[in-house]
Each structure stands twice: as C-alpha cells, then as structure tokens.
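Descriptive structure summary
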Amino acid sequence: MKSPLPILTVLSLAALSTFAQVPEAPGVRVEVQMVSMPLGKGLPLLPNLRDAGSIDGAFSQIQKMIAEDKATLLGWPEVVTKSGQRAVTEDIQEVRYASEYGPRPPAASASHGGPEKPAPPEPPQLSAGGAPVPTGFETRNTGATLEVEPVIGPDGKTIDLNIVPQYVRLLDTVAVASGRDANGHDWEIKQPRFYTAKTTTSLTVTTGKRVLLAEFRGPEGSNQIQFFILKAEVTGVGEAKAK
C-alpha cells in the first residue's frame, strides 16, 4: 500500500496558497493637522481651504509657511483603525494644579528630646487668619488629542466619520485671591488659564481628500487664526495577508 503523504502534502500546499491570497480587511487612516498663524495671513487662505478643488494648493502654502516659521504647527495627530472601531490618539503633557484650599494647620512644636509635650493651642485669630493651603488637586491634559470612529461606505470610497479633535494649551496663571495672614505675611492664590480649540462633529468624506474641519480665532488678544485640516483614507485594500 502506498503512503498517503504526497496527497496530504499537495492538499496542505493548496490550503496555504488559498490562505495567502485572502485580502486584508480595509482600515482607515485619519489625520488632523492643527496649525496657527497670524490673522492677516490666514484669512486670505480661507476661501481656498473651504473649496474642495483648491484646498490642496492652500495646504501646500501652509506647509511652506510652517517651514519658514510664518505659521506654527500645534499638532498633527494621526491614527489607523478598522472600519467601525473607535480609536483615540494623544500627544499630551499633564498639568497638575491646586483646585481646593483650606486654612493652614497649626505648626508643630520643635522636639528637643525627652517626652514630647503637646504644643500650646494657638490663638483662634491665628488659625482663622492663616494663609490657605492646597487641599485638593486636578490634572489637565495639554496638547493634541484625536478621537475618531470611521465607517467605510458601501462604495469603498467614502468614509462616515464621528470625530473629535482637540488642542489644549496652558496660557498663564492668574491671581484669584490674596490676603495677609495673622502674622503679617502676604499670600496669593493663582489658578491656571487654559485655551481649548475643540470640535465635535459627524461628516462624510472621500478617501484621500482633505477637508477644512474647523477654524478658530485663537486666545483673546492673540490676533491668530487656527485651522484643523482633516484627511481620511481607506488603507489595506487589495493587500495580501502573509504569514
């Protein structure tokens, strides 16, 4: 009786050949360029950025302005995900700051050896008039974030997007309260001020085509304009899955 090994080998090779030709399910690459520039330079670009036929030319102008330090690249988050799968990418720095304050606790007495003696109570006016101290803290993320959920259309060329791009930066700190404690020491409480540019929207785009997603006037008094420029494209179409 002949060995069935050759037949099994042929079947195994045929199965591997079929598996290697299975196309990979398409994914979606989404990017948002966040850029800031002086209002006088950005306003003339708006008509072209809003026009599908001329946005690529305006985008090229912006890249040249960034290279020449005439515009500032705030962030350029990019993420690749599957159709129907939510994805988030972050390029952030945490800023931690005091958000709650209370009265300063009484100071502990110095120890000089021997049995510890309780400190004499401070006069009520000192405790009530002491400088406030932080009792609670909060953390704020600064930088660029991008949250997106894409769905490829039946034609394979359009993409439905639920998208939330955001840019946050620390502007400065401002005094919100001040006073003088019972010992004659001045105190001041400062809180950070943040600037946020954020948009939450749903739209349908054509794969590979740029879209002006949003524009912002920037922080008060900055005389700046900021653009969020979106590009989404279908990836992985027709690619072979190799093992």
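Higher on the page you've got the structure.
Residues numbered from 1 in each chain as written. Predicted model: local features only at pLDDT ≥ 70, side-chain atom pairs only at ≥ 80, totals over all residues. Heavy atoms only, no water.

1. Re the packing of aromatic side chains
According to the stated counting rule, one finds three aromatic pairs in the structure shown. When the ring of Tyr 97 is compared with that of Phe 194, the centres are 5.9 Å apart and the planes differ by 50°; the resulting orientation is tilted. Here Tyr 97 is found in strand S4 (residues 87-102), whereas its partner Phe 194 is found in strand S7 (residues 186-198), with 97 residues between them in sequence. Its guanidinium or amino end placed over the ring of Phe 194, Arg 140 lies 4.9 Å from that ring's centre, counting from NZ or CZ. When the ring centre of Phe 59 is taken as reference, the NZ or CZ atom of Arg 210 above it lies at 3.8 Å. (Phe/Tyr/Trp six-rings, centres within 6.5 Å; stacked < 30°, edge-to-face > 60°. Helix = DSSP H or I, 4+ residues; strand = E, 2+ residues; numbered from the N terminus. Lys NZ or Arg CZ within 6 Å of the ring centre and 35° of its normal.)

2. A closer look at the pairing of strand S10 (residues 224-235)
Summarising burial for S10: 10 of the 12 residues are buried, a large majority. Here strand S1 (residues 27-38) pairs with S10 via 12 bridges, running antiparallel. By the bridge assignment for S10, Gly 27 is matched with Thr 235. (Buried < 20%, exposed > 50% of the residue type's maximum accessible area, 1.4 Å probe, protein only. Pairing = 2+ DSSP bridges.)

3. Quick look at helix H4 (residues 55-67)
The end-to-end C-alpha distance of H4 is 19 Å, a good match for the 18 Å that 13 residues give at a rise of 1.5 Å each. Among the structural elements, S1, helix H2 (39-42), helix H3 (46-49), strand S2 (72-75), strand S9 (210-216) and S10 are those in contact with the buried residues of H4. Asp 69 sits one or two residues past H4 and shows a positive phi near 60°. (Expected span 1.5 Å × (residues − 1). Contact = heavy atoms within 4.5 Å.)

4. Description of the environment of Gly 57
Turning to its location among the elements, Gly 57 is positioned in helix H4. As a C-alpha pair, Gly 57 and Leu 45 span 12 residues in sequence and 9.8 Å in three-dimensional space.

5. Quick look at unusual backbone geometry
A positive phi angle is found at Asp 69, which is not glycine, with a value near 60°. You can call Asp 69 exposed: its relative accessible area is 71%. Residue Asn 223 is not a glycine yet carries a positive backbone phi of 55°. For Asn 223, the position within the fold is in the loop between S9 and S10.

6. Examining the environment of Thr 196
One can find Thr 196 in strand S7. For the pair Thr 196 and Gly 218, spaced 22 residues apart in sequence, the C-alpha to C-alpha distance is 8.7 Å. If we skip the residues at most four places from it in the chain, Thr 196 touches Arg 140, Gln 166, Tyr 167 and Val 168.

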